[in-house]
Amino acid sequence: MRTFRLVVPALVVCAALSACGGTDGPATPDTPSTTSGQPTSASPSTPAPAATPSSPLKPPGGPTVPPPVGATELSGTITAGVEPNCLLLDGYLLVGGPRDVLAAGARVTVTGRVETGLMTTCQQGTPFVVEGAHRG
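Just so you know, these numbers come straight off a predicted model, no measurement behind them.

Bringing the pattern of salt bridges into the picture now. In this structure the tally under the stated criterion is two salt bridges. The residue Arg-113 makes a salt bridge to Glu-131 at a minimum N-O spacing of 2.8 Å. Placement of Arg-113 in strand 5 (residues 107-114) and of Glu-131 in strand 6 (residues 126-135) is noted, with a sequence separation of 18 residues between them. Overall, the relative accessible area of 33% leaves Arg-113 in the partly exposed class. Residues joined in a network through salt bridges with shared partners are Arg-113, Glu-115 and Glu-131.

See below:
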């Protein structure tokens, strides 16, 4: 009887956890991107997002809408974050990239992609993984 009291709650917990951990579909994004950076869609009736990172609807604290799927280009002047070695550009936290080009106060153009789930030590900005950067 004692074993029964231990096994039943364990089975209930396992069943509950397995029900919560399942996925209903593929773990890949619905709109894969091509090498040109333009999103492609499986259903032509779904329009691609029209907002760009340079949209005038952004408040000073960061972007209001995410950039489109695929490679994105940002231009502007880099500012220092509140934590050491954290660099921001238009509300995006610059992750990676050439540090000889990326410095606080530099006017740059960077290409890369947004990684909203990326964990960082910086306390601000939406993570933006830099794939390329140049001054200007």
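Attention shifts here to the nonpolar core. Core analysis: the biggest nonpolar cluster contains 13 residues, and Leu-94, Leu-102, Val-108, Val-110 and Phe-128 have the highest contact counts within it. When residues of this core are traced back to their parent elements, those giving at least two are strand 3 (87-89), strand 4 (92-95), strand 5 and strand 6. Residue contacts for Val-108: discarding those within four places in its chain leaves Leu-74, Ser-75, Gly-76, Ile-78, Leu-89, Val-101, Leu-102, His-134, Arg-135 and Gly-136.

About the thresholds
- Residues numbered from 1 in each chain as written.
- Predicted model: local features only at pLDDT ≥ 70, side-chain atom pairs only at ≥ 80, totals over all residues.
- Heavy atoms only, no water.
- Salt bridge = Lys/Arg side-chain N within 4 Å of Asp/Glu carboxyl O.
- Helix = DSSP H or I, 4+ residues; strand = E, 2+ residues; numbered from the N terminus.
- Buried < 20%, exposed > 50% of the residue type's maximum accessible area, 1.4 Å probe, protein only.
- Core = buried A, V, L, I, M, F, W, Y, C linked by side-chain atoms within 4.5 Å.
- Contact = heavy atoms within 4.5 Å.

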